[in-house]
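Secondary and tertiary structure notes
Chain residues, written in single-letter form:
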Amino acid sequence: MKIGIKGIVLLSIMAISACSEQKETKKSRVDDLLAEMTLEEKIGQLNQYSIGAELTGPGEKQGQAKRRYEELKNGGIGSVLNLLGAKNARETQRQVVENSRLGIPLIFSFDVVHGYKTMFPIPLGESASWDLELMEATAAVAAKEAAAAGIQWTFAPMVDISRDARWGRVMEGAGEDPYLGSAIAVARVKGFQGESLSDPATIAACAKHFAGYGFVESGKDYNNVYVGENQLMNTIVPPFKAAKDAGVATFMNAFNDIDGVPSTASTFLLRDILKGNWQYKGVVVSDWNSIGELISHGVAKDKREAAKLAITAGADIDMEGVVYIDHLKELVEAGEINEDLIDDAAKRVLQLKEDLGLLDDPYLYFDENREKETLLKKEHLDLAREAGRKSIVLLKNQDDLLPLKASNIALIGPLMKDKDSPIGNWRAAAEAGSAVSLYEGLTKALPDANFTYAEGVKLSVGPNNFFQEVEVETGDRSGFAEAINKARNAETVIVAMGETAYMSGEGRSRSEIGLPGLQLELLKEIYKVNKNIILVLMNGRPLTLAWEDENIPAIVEAWHLGSEAGHAIADVLTGKYNPAGKLPMTFPRAVGQVPIYYNHKMTGRPSSAPGQVFYTHHTDVDNSPLYPFGYGLSYSSFVYSDISVSESLLKADGEITASVTVKNTSDVDGEEVVQLYIRDLVGTITRPVKELKGFKKVMIPAGGSIEVEFTVDPEMLAYYKGDLKYGAEPGDFELFIGTNARDTQSVQFELK
Ligand code: NOJ
């Protein structure tokens, strides 16, 4: 009997009953549908194409448009990416629902990474807020806008931990720390997915890239990864596990291999850990042609073999590979793979459609009026401004140059009037050039100030877009003279420098991570004529800023802050908002220190007798970073004292309380992120010198003092000790509380 989706919807409407029964009805609807499907139709559910105007990967397959259209009508495509707008999506959905045999609707997906139309700070920047509620709220707005524009599934959050600022994609993640990264992963998943996936104001999230992508060798995108089980399980995997526990609807494979096994074909990652140990029931989507790329990796001789490896490992959907659609059927028919694998993968996709409400109403998300009303709402832009200022990190503020006191100010630099770079990479449907520039923000905030302006130097020549290499300007100094002149005649100089939007992101790895092009040269010239410089940085990664830190009195890290960037930065520079951001990633002194991160291991030779060389170090640079993880200043100043633990003995089933007093010794109210770190002094395997285990963002009034407490329990001390064994080990621990990973006080306790 042919039931088809329309018949099944009718049956389920008739079956309205008690909650538990409804659940059963839903479950059986997916099973019924699966039972109705031919092998080809099931494989169609596993096929995903980019069919929209947007393109987010190598685009050579566009020639296949006709084939794609036919497959669409025949139920040969289960989901699409990059097709935007309620109207377009409705029409495409109609083609599928009305023409295919069973009328199973498509899912529309897109990289909604830090906003859809209203842009929030790039994820690395927003992570500097250490404000989980904020990150949940911005993800919720991104979901609301995207859902109104016909999208039901975002390929975010990227939860890859990375310690290598050369890797361009650090801008998309939460930085270097597994604890902070896990907390942020949960906040973002909750924000995107809300209470219910079938609410047309929420979208399915995707934990990506599983796994190891943040550890690409030499920070070069798509490069090979060499990590052992300890690194994998204790550093890389935790945010994925946290996302899974928070109910993330989907996972994405990674492009890289790990010690010879491409993640997309890794039965260890996908079958043993994700779908085995963790019992994950959601969908695993490949990355863009990452199944086809098994051939380039050299583990499959052709697409047929690639399909076999990936479906066996547990990749459910083939994104843009055209591999499953072409080869799974023959593999089943030849008896090389069991049809159960296809059934399991297709069932996961159908269940997602069910959860999204698409089996009830394929057109649920396509309401053009809602789209018009929702995008770029005032409250969304207000949230973008709030997120922007909360993401700013004050790196240096010598002699309280900030907040601004001067009224005769020169505004200099290639990013000062730039309305595009602050939007950042992975900008979804944002309008190019739609951000508030710093120039606009400052002139609006200080209408009575006397501003002069000079660009000084260009940052790039030619196109700045998602596909092409950005060519850095290295020869044209013709704007220097004007900039130097204006700087000479001003009381204070605000210089906006850094990276354009497309100098970080996918495919944007750099071997040098200082200010690109002629910027530093210009900065040094300006410094010769006026030392009162406030350097505002806009960038997608940690930069090397040794000269800047030594010479420039005030430095503000303003990332790529999104639609309201200029207003957000002006709020901080003028003192309307007291900055409280803290770095989610270490800033090195020199690129040769990379990878550099606070939670490193000791090594056998952490130090030596004075004057000797036989210890872990570089001979030409100090071992310390320029700015450590967790670092960031405020217009307030905080003094920590009286660290203590309630008991020095922690029982295996007990808990203790660690506390510290934090005093705001300034005359301005301010927020501080109080950070808790723990070190396991002796372990079965080597342990990090300290690991973040908690944080609290607190407001402390001017002159006020508060006690901050953390509960410590044995679960916080647990780790993977090898052979996938997990648990805490009895012994001595050192507990640190402080304002960043470097400046802490400590106390010891013992786990019995
Ligand atoms: C490739 C990227 O690696 C991935 O993160 C993204 O989601 C897909 N392209 C789709 O655009």
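Because the structure is a prediction, the values reported are computed rather than measured. (Residues numbered from 1 in each chain as written. Predicted model: local features only at pLDDT ≥ 70, side-chain atom pairs only at ≥ 80, totals over all residues. Heavy atoms only, no water.)

**Regarding the sheet that holds strand E3 (residues 107-110)**
- The five strands lie next to each other as E4-E3-E2-E1-E10, forming an open sheet whose pairing is parallel. Since the sheet does not close on itself, it has two edges, and those belong to strand E4 (153-154) and strand E10 (318-319), each with one partner.
- Pairing of strand E2 (residues 79-81) with E3, which is carried by three bridges, proceeds in the parallel orientation. Of the residues in E3, the one forming a bridge with Leu81 is Ser109. (Pairing = 2+ DSSP bridges. Helix = DSSP H or I, 4+ residues; strand = E, 2+ residues; numbered from the N terminus.)

**Quick word on the environment of Leu124**
- Within the secondary structure layout, Leu124 lies in helix H6 (residues 123-127).
- Overall, Leu124 belongs to the buried group, its relative accessible area being 0%.
- C-alpha of Leu124 to C-alpha of Phe736: the two residues are 612 residues apart in sequence and 25 Å apart in space.
- With near-sequence residues (within four places) excluded, Leu124 lies in contact with Val170, Met171, Gly173, Ala174, Gly175, Gly540, Arg541, Pro542, Trp559, Pro584 and Met585. (Buried < 20%, exposed > 50% of the residue type's maximum accessible area, 1.4 Å probe, protein only. Contact = heavy atoms within 4.5 Å.)

**Observations concerning the packing of aromatic side chains**
- Inspection of every chain in the model, using the stated rule, returns 26 aromatic pairs.
- Aromatic side chains Tyr363 and Phe366 sit 6.5 Å apart centroid to centroid with 70° between the ring planes, which places their arrangement in the edge-to-face category.
- On the basis of relative accessible area, Tyr363 is assigned to the partly exposed category, the value being 21%.
- Note on Phe366: relative accessible area 3%, which makes it buried.
- Pairing Tyr598 with Phe629 gives two aromatic rings, centres 4.6 Å apart and planes at 15°, and the pair type is stacked. (Phe/Tyr/Trp six-rings, centres within 6.5 Å; stacked < 30°, edge-to-face > 60°.)

**Things to note about helix H10 (residues 238-245)**
- Inspection of H10 places Pro239, Phe240, Ala242 and Ala243 among the buried residues, and these make up the whole buried set. Down the axis of H10, the buried side of the element spans an arc of 160°, and every buried residue falls inside it.
- Lining the buried residues of H10 we find helix H8 (178-193), strand E5 (206-210), helix H9 (229-236) and strand E6 (250-253).
- Within two residues after H10, Gly247 carries a phi angle of roughly 90°, on the positive side. (Arc of directions from axis to C-beta.)

**Some words on the environment of Thr250**
- Relative to the assigned elements, Thr250 resides in strand E6.
- With relative accessibility at 0%, the residue Thr250 sits in the buried group.
- C-alpha separation for the pair Thr250 and Leu106, spaced 144 residues apart in sequence, amounts to 16 Å.
- Residues contacting Thr250, with those up to four places away along its chain left out, are Trp153, Ala205, Cys206, Ala207, Tyr280, Val283 and Leu352.

**Re the pattern of salt bridges**
- Taken as a whole and assessed by the stated rule, the structure comprises 47 salt bridges.
- A salt bridge links Lys244 to Asp245; the nearest nitrogen and oxygen atoms lie 3.8 Å apart.
- A residue is classified by how much of its surface remains accessible, and Asp245, at 49% relative accessible area, is partly exposed.
- Here Lys458 ties to Glu455 by a salt bridge, and the two come within 2.9 Å at their closest N and O atoms.
- The structure contains a network of salt bridges with shared partners spanning Asp111, Arg169, Glu172, Lys208 and Glu506. (Salt bridge = Lys/Arg side-chain N within 4 Å of Asp/Glu carboxyl O.)

**Focus: the site of the ligand**
- Contacts to the ligand come from 13 residues, most closely from Thr56, Asp111, Arg169, His209 and Asp287.
- Note that an oxygen atom of the ligand is positioned 2.4 Å from one of the side-chain N or O atoms of Asp111.
- A distance of 2.6 Å is found between an oxygen atom of the ligand and a side-chain nitrogen or oxygen belonging to Arg169.
- Protein chains shield 100% of the accessible area of the ligand, which is 290 Å² for the free molecule.
- Looking at the shell around the ligand residue by residue, the class counts come to six nonpolar, two polar and five charged. (Near = heavy atom within 4 Å. Polar contact = N/O pair within 3.5 Å; in protein donor to acceptor, adjacent residues only side chain to side chain. Areas by Shrake-Rupley, 256 points an atom, 1.4 Å probe, with all protein chains shown as cover. Nonpolar A, V, L, I, M, F, W, Y, C, P; charged D, E, K, R; others polar.)

**Points about the environment of Ala128**
- Position of Ala128 relative to the elements: it lies in the loop between H6 and helix H7 (132-148).
- Judged by relative accessible area, which is 0%, Ala128 ranks as buried.
- Separated by 614 residues in sequence, Ala128 and Arg742 place their C-alpha atoms 17 Å apart.
- Ignoring anything within four residues of it in the chain, the contact list for Ala128 reads Lys390, Ser391, Val393, Trp559, Gly581, Lys582 and Pro584.

**Looking at unusual backbone geometry**
- The omega torsion across Ala156 and Pro157 is 5°, close enough to zero to call that bond cis.
- Positionally, Pro157 belongs in the loop between E4 and H8.
- Of note, the bond from Lys208 into His209 is cis; its omega dihedral lies within 30 degrees of zero at 0°.
- Topologically, His209 is positioned in strand E5.
- Even without being a glycine, Val322 presents a positive backbone phi close to 50°.
- Here Val322 shows up in the loop between E10 and helix H14 (324-333).

**Regarding the nonpolar core**
- Judged by nonpolar contacts, the single largest core of 195 residues is most densely connected at Tyr116 and Leu573.
- The residues touching Leu573, leaving out its near neighbours within four places in the chain, are Leu402, Pro403, Leu404, Leu438, Leu442, Ile494, Ile534, Val536, Val556 and Tyr635.
- The next biggest cluster of nonpolar side chains, apart from the first, holds 25 residues, and it includes Ile643, Val660, Val674 and Val708. (Core = buried A, V, L, I, M, F, W, Y, C linked by side-chain atoms within 4.5 Å.)

**Section: the domain arrangement of the protein chain**
- Segmenting the protein chain into domains produces domain 1 (1-36), domain 2 (39-371), domain 3 (388-593) and domain 4 (638-751).
- Placing a centre on the C-alpha atoms of domain 3 and another on those of domain 4 gives a separation of 35 Å.
- For the pairing of domain 3 and domain 4, the buried interface totals around 480 Å² over both sides, and the portion due to carbon and sulfur atoms is 40%.
- By the criterion of area lost to domain 4, the three top residues of domain 3 are Asn578, Ala580 and Lys582, representing 83% of everything that side buries.
- On inspection of domain 3 and its partner domain 4, the count reaches one salt bridge.
- Between Lys582 and Glu672 there is a salt bridge, and its shortest N-O distance comes to 3.0 Å.
- For the interface between domain 3 and domain 4, the tally reads three residue pairs in polar contact (both at pLDDT 80 or more).
- Along the lines of polarity and charge, the residues of the side of domain 3 that touches domain 4 split into two nonpolar, one polar and one charged. (Domains from an automatic or database assignment. Buried area = accessible area lost by both parts, 1.4 Å probe.)

**Digging into the sheet that holds strand E22 (residues 670-680)**
- With mixed pairing, the five strands of this open sheet are ordered in space as E20-E28-E27-E22-E23. Each edge of the open sheet is held by one strand with a lone partner, namely strand E20 (649-650) and strand E23 (691-700).
- In this structure, E22 lies alongside E23, joined through nine bridges in antiparallel fashion. Across the sheet, residue Val673 finds its bridge partner in E23, namely Lys697.

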